[in-house]
Amino acid sequence: AVSRRCSSGLLCELGSHFTLAGDGPEALAALEGGRFDLILMDINMPDMSGYDVVRALRSSGFASAATPVIALTAASTPDDRRRCFEAGMEGHVAKPVSASDLFAEIFRVLDATGARHAA
């Protein structure tokens, strides 16, 4: 809940529209029915890890299956970062998340993946 509030506040600064999920199954349900430009994924969620959510998303056939994903996590060792990328994520931001780090990673990932972004 704390991570969702902090991330939401930062995303509001960008004028973003977003959907929040409280756990892995809720995230997958939202991703099944929606189209997103970018996904910010907490790694340590109840019921299902962010790694598992992204693996399920990538193999799902959902319209959002190829949407770029950035991990938001306190796990910040090189091995943790590798696990995020192996699970199918394109970016990584370590907690505590600063606005400058988050925005830089968002724009890096969107530019690298060719995803569209406004601003």
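Residues numbered from 1 in each chain as written. Predicted model: local features only at pLDDT ≥ 70, side-chain atom pairs only at ≥ 80, totals over all residues. Heavy atoms only, no water.

Trainee: Even after reading the chapter, I still don't get the packing of helix α2 (residues 24-33) against helix α3 (residues 50-58), so can you show me in this structure?
Mentor: The axes of two packed helices give the description: the angle between them and the distance between them. Here α2 crosses α3 at 25 degrees, and the two axes come no closer than 10 Å. It follows that α2 is roughly parallel to α3 by the angle criterion. By crossing handedness, the relation of α2 to α3 is classed as right-handed. Of α3, the residues touching α2 (which contributes G24, A27, L28 and L31) are V53, A56 and L57. Split by residue class, the contact of α2 with α3 holds six nonpolar, one polar and no charged. (Axes fitted to C-alpha atoms, helices over the stretch in contact; angles between N-to-C directions. Helix = DSSP H or I, 4+ residues; strand = E, 2+ residues; numbered from the N terminus. Parallel < 35°, antiparallel > 145°, perpendicular 65-115°, else oblique. Left-handed = near helix turned anticlockwise from the far one by under 90°. Contact = heavy atoms within 4.5 Å. Nonpolar A, V, L, I, M, F, W, Y, C, P; charged D, E, K, R; others polar.)

Trainee: Looking at this model, I keep getting lost on the sheet that holds strand β3 (residues 91-94). Mind explaining?
Mentor: Adjacent strands of a sheet form backbone hydrogen bonds with each other and so pair up, either parallel or antiparallel. Pairing in this open sheet of three strands is parallel, and the strands run β1-β2-β3 from one edge to the other. Edge positions in the sheet fall to β1 (39-42) and β3, since each of these pairs with one other strand and no more. In this sheet, adjacent strand axes meet at a mean angle of 25 degrees when their direction is disregarded. Here strand β2 (residues 69-73) runs beside β3; their pairing, made up of four bridges, is parallel. Note on β3: the bridge partner recorded for T73 is A94. Relative to β1, α3 is tilted by about 140 degrees, and along the sheet it contacts β1 and β2. Strands in contact with helix α5 (residues 99-113) are β1, β2 and β3; relative to β3, the strand with the most contacts, it is inclined by about 180 degrees. (Pairing = 2+ DSSP bridges.)

Trainee: Where do I start with the packing of aromatic side chains in this structure?
Mentor: Both the distance between ring centres and the angle between the ring planes are used here to describe each pair of aromatic rings. Evaluated as defined, the whole model comprises zero aromatic pairs. Here the basic side chain of R83 rests over the ring of Y51, its NZ or CZ set 4.1 Å away from the ring centre. (Phe/Tyr/Trp six-rings, centres within 6.5 Å; stacked < 30°, edge-to-face > 60°. Lys NZ or Arg CZ within 6 Å of the ring centre and 35° of its normal.)

Trainee: Any chance you could explain the nonpolar core here in plain terms?
Mentor: Burial of nonpolar side chains together is a common tendency in soluble globular proteins. Residues M41, V53, V69 and M89 are the most contacted members of the largest nonpolar core, which totals 16 residues. Going through the elements one at a time, α2, β1, α3 and β2 are the ones with two or more residues in this core. If you tally residues by element for this core, the top one is α3, at four residues. Residues contacting M89, with those up to four places away along its chain left out, are I43, G50, Y51, V54, V69, A71 and C84. Within the second largest apolar cluster, eight residues are counted, among which are L72, L102, V109 and L110. (Core = buried A, V, L, I, M, F, W, Y, C linked by side-chain atoms within 4.5 Å. Buried < 20%, exposed > 50% of the residue type's maximum accessible area, 1.4 Å probe, protein only.)

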